[in-house]
Amino acid sequence: MAIVAGVDFGTLSVRVTLVDSKKGPIGTGSASYALHRRRDDPNYATQSHAEQMAALAAATKDALKATGVNGSEVDAIALDTTGSSVIPVSEGLEPLDEYYLWCDHRAFAEAEEITRKAHELGFEGIAWCGGVYSHEWGFAKLLHWLRHNPEKRARFVTALEHCDMVAATLSGVTEVSALKRSACAMGHKWMWNPKWGGLPPEEFLAAVDPLLAGVRAKMGGEYLTSDKIAGHLSEKWAAELGLRAGIPIPVGAFDAHWDAIGANIREGDVVNVVGTSTCIIAIAPKSELIPGVCGVVPGSVHPHYTGIEAGLSAVGDIFDAIARRAKTTVAALSEGLDAWKAGQTGLLRLSWDNGDRTVLVNPELGGVTLGWNLVHTAQDELFAAIEGTAFHTRIILERMAEHGVRIDRIINAGGIPQKNEILNRVYANVLNKPVLVPAGIPTSLGSGIFALLAAGTYKTIEEAQDAVCLPFRTVEPDAKAAAVYEQLYPLYRDVYFALGKRDAAPAALGNVLPELRKIAAGVQKAG
């Protein structure tokens, strides 16, 4: 038997779960930290590394206290984080600034320049991230920092992803050459791939902006999957956390990817990590280009598979916005929605309120709702929004399947499926497949699984998953509702591709509104 610590750094707090190799999760602790925003710049979002590390220490001690476990009994600690959350550092890996958090959107101009130059020079890496480099990703954020901090450039030594910075701090690494970098983080956000020799070539980066000249050489260290060790807990941080010095720390990764591991993902599964946005995670034995999918990286989710990441830019955020405009909460607005029938609202709502991440990869889009009449309510819009996110998910899954990704099971993980059964039911009906929901929250359990591997307790991820993952409950599709959604889905697809692409051929959309009314009337008549 072994006990390990799994750590999940979220946007506003860190969660530490102690995992028993036989019993699974036995207790948690959490601590919050500030998200720094500016009223005069809505794109600004940063966090302090020091504040995050202090929160980690507090949360770890809380988890030990809650479980009664002595820190000397913990055999490994593993961590996942948000991403791309980027920090520039000086000698000794000392922060030069706060993290550009994943939701910091200041680098939109830099992302456009990277995208344009990649297409102009024919750099194939752009095709592997959906054809558009995001303002949320590493090189865009680093270039923005270099442009806006000329007084600090001379001290710049390298930049790190959050998961790599925390692992280096905990293990006392102070030299770039000793860094262990996450293949997950670097592959999905920095266009790293063994296929073209690692990071984008020097000539490409320098062509984007001379400020990036030489940066490739500064991004040193080993690029590794998470079955490898990043370091061992230093005496200093062992004292801070209340753990034993010298325990192993595996190479970290992104939260949604390890959420999928914690949700018991296997080949043939798709895990929808549904929260404020949705990350859609799958694994496949081969690396195949999937047009419009923003991340296909070997070893990023599971070390022995290619990790595939797609997603929706907003889900829970959309539900919250609808409730906020109605001056209520999502929970209050959801009361009674279990009686709503598929398609009864006559509304068709596209989930573009924060742009389209997959498959159009277009940040310029906005939310669209078709079919309004004078008696529609906020509840109608919320139900239509749930349907719309399910339709968008179906478009993504179909694109993945068209390019060889096997999809046998759908797993709804993340926070929302645990508290919104209406969403699970709608997804099962729209996808016309059973939806599996973990019987509990798997957040930070993926970290625990990689910690168990690092401790040597289990030899494979699958062995660890069999031992500690939560059981599933199954939400079966309803044949009658699924049949209605088979009528609605082609209308959604028509609107999605006709309105979502600037160069789309003129589409005959004149039938959409009449068909929406016809379907809604049929549902009401059928009772």
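These numbers come from a predicted model, not from an experiment.

A. Structural context of the side chain of Arg-399. Mapping Arg-399 onto the fold places it in helix H12 (residues 378–402). Look at Arg-399 and you get buried, because its relative accessible area is 18%. If sequence neighbours within four positions are ignored, Arg-399 has contacts with Ile-290, Pro-291, Gly-292, Val-359 and Phe-497.

B. Local environment of the environment of Gly-242. Structurally, Gly-242 can be placed in the loop between helix H8 (235–241) and strand E13 (248–250). For Gly-242, a relative accessible area of 32% puts it in the partly exposed group. Sequence separation of Gly-242 and Val-273 is 31 residues, and the distance between their C-alpha atoms is 31 Å. Aside from chain neighbours lying at most four places away, what touches Gly-242 is Lys-61, Leu-64 and Gly-71.

C. Examining the sheet that holds strand E3 (residues 24–32) more closely. The 5 strands are arranged E3-E2-E1-E6-E14 in an open sheet whose pairing can be described as mixed. Looking at strand neighbours, the two that pair on one side only are E3 and strand E14 (253–254), the edges of this open sheet. Two elements, strand E2 (residues 13–20) and E3, share 8 bridges in a ladder whose sense is antiparallel. Along E3, the bridge assignment pairs Val-19 with Pro-25. Against the sheet, helix H1 (residues 49–67) makes contact with strand E1 (3–9), E2, E3 and strand E6 (74–81), and its axis sits at roughly 140° relative to E3, the strand it touches most.

D. Just the sheet that holds strand E16 (residues 278–284), in detail. Spatial ordering of the open sheet is given by E17-E18-E16-E15-E21-E22-E23, a layout of 7 strands whose pairing is mixed. In this open sheet, the two strands that pair with only one neighbour each are strand E17 (295–298) and strand E23 (472–475). Strand after strand, the sheet turns through a mean of 25° between neighbouring axes, direction not considered. With 7 bridges joining them, E16 and strand E18 (residues 306–312) adopt antiparallel strand pairing.

E. Seen up close, H12. End to end, H12 covers 36 Å across 25 residues, agreeing with the expected 36 Å (1.5 Å per residue, within 8%). Where H12 begins, the capping side chain belongs to Thr-377, and its oxygen is found 3.3 Å from the backbone nitrogen of Gln-379. Gly-404 sits one or two residues past H12 and shows a positive phi near 90°.

F. Just the layout of surface pockets, in detail. There is about 320 Å³ of room inside the second largest pocket. Classifying every residue of the lining of the second largest pocket by side-chain character gives 10 nonpolar, 4 polar and 6 charged.

G. Seen up close, the pattern of salt bridges. Tallied over the full model, the rule gives 23 salt bridges. Taking the shortest distance from any N to any O, the salt bridge between Asp-75 and Arg-244 comes out at 3.5 Å. A residue pair is termed long-range when its members are at least 10 positions apart, and Asp-75 in strand E6 and Arg-244 in the loop between H8 and E13 qualify at 169 residues. Judged by its relative accessible area of 34%, Arg-244 falls in the partly exposed class.

H. Up close: the pairing of strand E7 (residues 86–89). Residues of E7 alternate between two faces, with Val-86 and Pro-88 on one and Ile-87 and Val-89 on the opposite face, all of them buried. Across 4 bridges, the pairing between E7 and strand E9 (residues 158–161) is antiparallel. From the neighbouring strand, Ile-87 faces E9, where its bridge partner is Leu-160.

I. Local environment of the nonpolar core. The biggest cluster of nonpolar side chains holds 103 residues, and the ones touching the most others in it are Tyr-133, Trp-190, Phe-319, Met-400 and Tyr-496. Among residues more than four places away in sequence, those in contact with Met-400 are Val-270, Ile-280, Ala-282, Ile-290, Val-293, Ile-308 and Val-405. Core analysis: the second largest hydrophobic core is formed by 80 residues, Leu-179, Ala-230, Ile-247 and Leu-453 among them.

J. Expanded view of the packing of aromatic side chains. With the rule as written, the count across this model stands at 14 aromatic pairs. When the centroid spacing of 5.5 Å and the interplanar angle of 15° are considered together, the rings of Trp-192 and Tyr-223 count as stacked. Separated by 31 residues along the polypeptide, Trp-192 in the loop between helix H5 (183–189) and helix H6 (202–208) and Tyr-223 in strand E11 (residues 222–224) bring together distant segments of the chain. You can call Trp-192 buried: its relative accessible area is 13%. One aromatic cluster in this structure is built from Trp-352, Phe-391, Tyr-485, Tyr-489, Tyr-492, Tyr-496 and Phe-497. Here Arg-38 stacks its cationic end above the ring of Tyr-44, 4.1 Å away from the centre of that ring. Over the face of the ring belonging to Tyr-100 we find Arg-106, whose NZ or CZ atom lies 4.2 Å from the ring centre.

About the thresholds
Residues numbered from 1 in each chain as written. Predicted model: local features only at pLDDT ≥ 70, side-chain atom pairs only at ≥ 80, totals over all residues. Heavy atoms only, no water. Helix = DSSP H or I, 4+ residues; strand = E, 2+ residues; numbered from the N terminus. Buried < 20%, exposed > 50% of the residue type's maximum accessible area, 1.4 Å probe, protein only. Contact = heavy atoms within 4.5 Å. Pairing = 2+ DSSP bridges. Axes fitted to C-alpha atoms, helices over the stretch in contact; angles between N-to-C directions. Expected span 1.5 Å × (residues − 1). Polar contact = N/O pair within 3.5 Å; in protein donor to acceptor, adjacent residues only side chain to side chain. 1 Å grid on protein atoms, 1.4 Å probe; cavity = no way out; pocket = protein on both sides within 12 Å on 5 of 7 lines; lining within 4 Å. Points joined across faces, edges and corners; volume = space filled by probe spheres on them. Nonpolar A, V, L, I, M, F, W, Y, C, P; charged D, E, K, R; others polar. Salt bridge = Lys/Arg side-chain N within 4 Å of Asp/Glu carboxyl O. Core = buried A, V, L, I, M, F, W, Y, C linked by side-chain atoms within 4.5 Å. Phe/Tyr/Trp six-rings, centres within 6.5 Å; stacked < 30°, edge-to-face > 60°. Lys NZ or Arg CZ within 6 Å of the ring centre and 35° of its normal.

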